[in-house]
Amino acid sequence: MKAFVFPGQGAQFVGMGKDLYDNNEVARSMFEKANDILGFRITDLMFEGTDEDLRKTSVTQPAIFLHSVILAKTMGDEFQPSMVAGHSLGEFSALVAAGALSFEDGLRLVAARAQAMQKACELKPSTMAAVLALPDEKVEEICRGIDGVVVCANYNCPGQIVISGEIDAVNEACVRLKEAGAKRALPLKVGGAFHSPCMEPARAELAEAIERTTVSTPSVPVYQNVDAKPHTDPAEIKANLIAQLTGAVRWTQSVQNMIADGATEFIELGPGKVLQGLVAKIDRNVATSGRQ
């Protein structure tokens, strides 16, 4: 069984999607529609912008979404998943690819999400840090013992967790995690504390947009970040999308559940190969591939 997976923020690169735009009429039409919806030519930034341009959350998130969703669309009959999932932002790509969200609504939500997250980052300085080579339970225990906001935000693969929260709390956690034997506990160059309580203002803002958006029953189950379980009920999908901004990305658990439910091949659609690498670390017995 094939599982199609969609990457999140951090996978972007200058030139992403240009081959699609140049060589596929359907892709070109979708990119131009996106330019109209967003009110600026995101294609110029994707194809010929700078790394700095692409690092802006308001550009990064719709750019990655567009690349992934348009790739799925141009595959035609080759896109036949038994299940789908996306990492953080990638969950929106997965929902569009599976028919739960229209392309237009998905793009509008991603743009709104990016703006809301950017505003939340500016309200209160916050950060994230990567932690390597400690069991999940140990990282959780140390975070619970810190004064201030710091939580496990991304369960990427066994031995790789990202923590998120207030700057002082994250820095204190990094010190204690290293003392506990972490191979690395390094702050990341990010705009703020994604997937933590620090994103509450963004969650509240995005909730209104999601509630107004039509979500249909997807063609295949979508394994959502907040609980790593398969969902097809539109009401559940909406609730999980809203909870995702302040909740953890349970990627390890999602992949494990997809494999338990029959997935034997994971195909990554979008920029980079991050998810292929994570899937291989979660279970080396499944096949991985990707399209860019």
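Everything discussed here concerns the structure shown above.
A brief structural summary. (Residues numbered from 1 in each chain as written. Predicted model: local features only at pLDDT ≥ 70, side-chain atom pairs only at ≥ 80, totals over all residues. Heavy atoms only, no water.)

1. Looking at the overall build of the protein chain
- Helix and strand counts for the protein chain stand at 13 helices and 10 strands.
- Against the 2.2 N^0.38 benchmark of 19 Å for 292 residues, the protein chain shows a C-alpha radius of gyration of 18 Å, consistent with a compact globule.
- In the protein chain, which comprises 292 residues, the proportion classed as buried is 54%.
- In the protein chain, the proportion of contacts linking residues at least 24 apart, taken out of those at least 6 apart, comes to 73%.
- A total accessible area of about 12300 Å² is found for the protein chain, and carbon and sulfur atoms account for 48% of it. (Helix = DSSP H or I, 4+ residues; strand = E, 2+ residues; numbered from the N terminus. Rg over C-alpha atoms; globule rule 2.2 N^0.38 Å. Buried < 20%, exposed > 50% of the residue type's maximum accessible area, 1.4 Å probe, protein only. Contact = heavy atoms within 4.5 Å. Areas by Shrake-Rupley, 256 points an atom, 1.4 Å probe, with all protein chains shown as cover.)

2. Some thoughts on the layout of surface pockets
- The space that makes up the largest pocket amounts to roughly 860 Å³.
- Looking at the largest pocket, it is lined by 32 residues, and the ones nearest its centre are Gln-9, Gly-10, Leu-188, Lys-189 and Val-190.
- Contributing elements (two or more residues each) for the lining of the largest pocket: α5 (57-74), α7 (103-123), β3 (126-132), β4 (150-157), β5 (160-166) and α13 (274-282).
- Ranked by residue count, the leading element in the lining of the largest pocket is α7, at four residues.
- Taken together, the residues of the lining of the largest pocket sort by class into 14 nonpolar, 15 polar and three charged.
- In this model, the second largest pocket occupies a volume close to 180 Å³.
- Met-30, Val-69, Ala-72, Lys-73, Gly-76, Phe-79, Val-96, Ala-97 and Phe-103 are the residues that line the second largest pocket.
- If you list the elements that add at least two residues to the lining of the second largest pocket, you get α5 and α6 (90-97).
- Class assignment of the residues belonging to the lining of the second largest pocket gives a composition of seven nonpolar, one polar and one charged. (1 Å grid on protein atoms, 1.4 Å probe; cavity = no way out; pocket = protein on both sides within 12 Å on 5 of 7 lines; lining within 4 Å. Points joined across faces, edges and corners; volume = space filled by probe spheres on them. Nonpolar A, V, L, I, M, F, W, Y, C, P; charged D, E, K, R; others polar.)

3. Some details on the pattern of salt bridges
- Evaluation of the coordinates by the stated rule reveals 11 salt bridges.
- Among the ionic pairs, Asp-105 bridges to Arg-108, the shortest N-O distance being 3.7 Å. Taken as a pair, Asp-105 and Arg-108 lie in helix α7 at a separation of three residues, close to a single helical turn.
- On the basis of relative accessibility, which here comes to 24%, the residue Asp-105 falls in the partly exposed class.
- Residue Arg-108 is classed as partly exposed on the basis of its relative accessible area, which comes to 46%.
- We note a salt bridge from Glu-166 to Lys-124, for which the minimum N-O separation is 2.8 Å. With Glu-166 in strand β5 and Lys-124 in the loop between α7 and β3, the pair connects residues that are 42 residues apart, well separated along the chain. (Salt bridge = Lys/Arg side-chain N within 4 Å of Asp/Glu carboxyl O.)

4. Topic: the environment of Leu-66
- Mapped onto the elements of the fold, Leu-66 is located in helix α5.
- Sequence-distant contacts of Leu-66, that is, excluding residues within four places in its chain, are made with Phe-31, Ala-34, Ile-42, Met-46, Phe-103 and Leu-107.

5. Observations regarding the sheet that holds strand β6 (residues 184-187)
- With antiparallel pairing, the four strands of this open sheet are ordered in space as β4-β5-β3-β6. Looking at strand neighbours, the two that pair on one side only are β4 and β6, the edges of this open sheet. Put simply, the sheet's adjacent strands are angled 20 degrees from each other on average, direction ignored.
- Bridge analysis of β3 against β6 gives four bridges, and the strand direction is antiparallel. Bridge assignment links Ala-130 to a residue of β6, and that residue is Leu-186. (Pairing = 2+ DSSP bridges. Axes fitted to C-alpha atoms, helices over the stretch in contact; angles between N-to-C directions.)

6. Quick notes on the pairing of strand β9 (residues 265-269)
- Counting buried residues in β9 gives four out of five residues, a clear majority hidden from the surface.
- Here strand β1 (residues 2-6) pairs with β9 via four bridges, running parallel. In the sheet register, Lys-2 faces β9, and the bridge partner there is Glu-265.
- Direction of pairing for β9 relative to strand β10 (residues 287-291): parallel, over a ladder of five bridges. Note that in β10 the partner of Glu-265 across the bridge is Ala-287.
- In this fold, the crossover linking β9 to β10 by way of α13 has right-handed handedness. (Right-handed = clockwise from strand over helix to strand, strands pointing away.)

7. Some remarks on the packing of α7 against helix α10 (residues 200-212)
- With their axes 8 Å apart at the nearest point, α7 and α10 run at an angle of 160 degrees to one another. The angle between α7 and α10 places the two elements in the roughly antiparallel class. Between α7 and α10 lies a crossing of right-handed hand. Judged by residue contacts, Leu-109, Ala-112, Arg-113, Ala-116, Met-117, Lys-119, Ala-120 and Leu-123 of α7 engage Pro-201, Ala-202, Glu-205, Leu-206, Ala-209 and Ile-210 from α10.
- Residue composition of the contact of α7 with α10, grouped by class: 11 nonpolar, no polar and three charged. (Parallel < 35°, antiparallel > 145°, perpendicular 65-115°, else oblique. Left-handed = near helix turned anticlockwise from the far one by under 90°.)

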